[in-house]
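Working through the structure, step by step
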Amino acid sequence: AEKALIERMKELNCIYSLSDLIEKPGTSLENILRGSVDLLPPAMQYPENACARLNIDGQTYTSGNYQDSSRKISCALTSDGQTVGTLEVGYLDNLPITDRQPFLDEEVKLLENIAERLGQVRERWLATRALQESTERHQVFIAQSFEAIYRIEFDHPINSSLPVETQIDQIYQNAYIAECNQALADMYNLPSPDALIGMRLLDAHGGSDNPVNRQAF
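Let me sum up the structure you'll find in this document. Quick caveat, the model's predicted, so the values are computed rather than measured.

Our focus in this paragraph is the pairing of strand S2 (residues 59-62). Relative to S2, strand S1 (residues 50-56) runs antiparallel, the two sharing 4 bridges. In the sheet register, Leu54 faces S2, and the bridge partner there is Tyr61. Where S1 folds back on S2, the antiparallel hairpin that results is connected by 2 residues, among which Asp57 adopts a positive phi of roughly 50 degrees.

Right, dumping it as structure tokens:
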């Protein structure tokens with residue numbers, strides 16, 4: 001019972017250590033993947049003889065003592081519904097045991113758990129990168145456009161069930177410029193867009209009575 005408890009503690013420590021690595025501020029996907037293979041061997045029954053390897057997206061990460069072995073278990077790593085790699089842990093051939101299957105059921109489950117976590121991390125990281133790239137393209141488009149472009153935000157939500165004219169009045173009461181480009185600054189003879197950020201839409205339009213501006217809503 002004591003040995004079983006020790007093994008469970010090692011497995012939990014592996015899971016908690018991976019969580020700490022994932023949640024570490026500023027850590028990269030590369031560091032998470034590379035660090036994960038060093039967390040698995042200490043969680044095995046025979047940590048001194050254990051090694052791990054991760055293959056993902058054409059890249060391979062191994063623990064420092066890695067050697068290919070016939071005594072190993074592996075698990076597919078899936079992300080976005082597709083298999084993107086494999087995670088394996090094995091024992092060096094010099095391990096003096098005779099068990100044909102030296103891995104505990106709990107160790108197999110641990111490997112599956114870690115593989116699932118890494119797949120989720122990859123999925124989240126790719127989604128974050130795609131969002132960042134989209135945001136950068138959006139910002140470049142706005143900055144380089146010769147058309148005056150701006151984005152407004154509101155102090156309070158606008159009630160869309162109100163009559164249109166009332167909604168427009170509320171927009172003027174609550175809206176301010178949150179983002180704009182140089183072309184808009186040029187219209188106001190200002191040196192940069194920064195001079196317009198935070199300006200009330202009511203001031204930018206010179207009031208709320210201009211029928212052309214109201215029609216634009």
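Here the narrative resumes.
What the rule picks out here adds up to 1 cavity of 30 Å³ or more. Of the volumes computed, that of the largest cavity is approximately 30 Å³. Lining the largest cavity, in full, are Cys51, Tyr66, Gln67, Ser69, Lys72, Glu88, Val89 and Gly90. By residue number, the principal contributor to the lining of the largest cavity is strand S4 (residues 82-91), which donates 3 residues.

Here the focus is the nonpolar core. Formed by 30 residues in total, the largest nonpolar core has its most connected members in Leu40, Met44, Leu54, Leu87, Ile114 and Leu118. Every element with two or more residues in this core is listed here: helix H1 (2-23), helix H2 (29-39), S1, strand S3 (72-79), S4 and helix H3 (105-144). Sorting elements by how many residues they give to this core places H3 first, with 6 residues. Counting residues in hydrophobic clusters, the runner-up holds 6 residues, among them Cys180, Leu184, Ala185 and Leu196.

This part takes up a nonpolar patch on the surface. Together, Leu5, Met9, Leu12 and Tyr16 give the surface a local cluster of nonpolar side chains, amounting to about 430 Å² of exposed area. Here Leu5 is to be found in helix H1. For Leu5, a relative accessible area of 53% corresponds to the exposed category.

Criteria and thresholds
- Residues numbered from 1 in each chain as written.
- Predicted model: local features only at pLDDT ≥ 70, side-chain atom pairs only at ≥ 80, totals over all residues.
- Heavy atoms only, no water.
- Pairing = 2+ DSSP bridges.
- Helix = DSSP H or I, 4+ residues; strand = E, 2+ residues; numbered from the N terminus.
- 1 Å grid on protein atoms, 1.4 Å probe; cavity = no way out; pocket = protein on both sides within 12 Å on 5 of 7 lines; lining within 4 Å.
- Points joined across faces, edges and corners; volume = space filled by probe spheres on them.
- Core = buried A, V, L, I, M, F, W, Y, C linked by side-chain atoms within 4.5 Å.
- Buried < 20%, exposed > 50% of the residue type's maximum accessible area, 1.4 Å probe, protein only.
- Patch = residues over 30% accessible without salt bridge, like charges linked within 9 Å, V, L, I, M, F, W, Y side chains within 5 Å.
- Areas by Shrake-Rupley, 256 points an atom, 1.4 Å probe, with all protein chains shown as cover.
- Salt bridge = Lys/Arg side-chain N within 4 Å of Asp/Glu carboxyl O.

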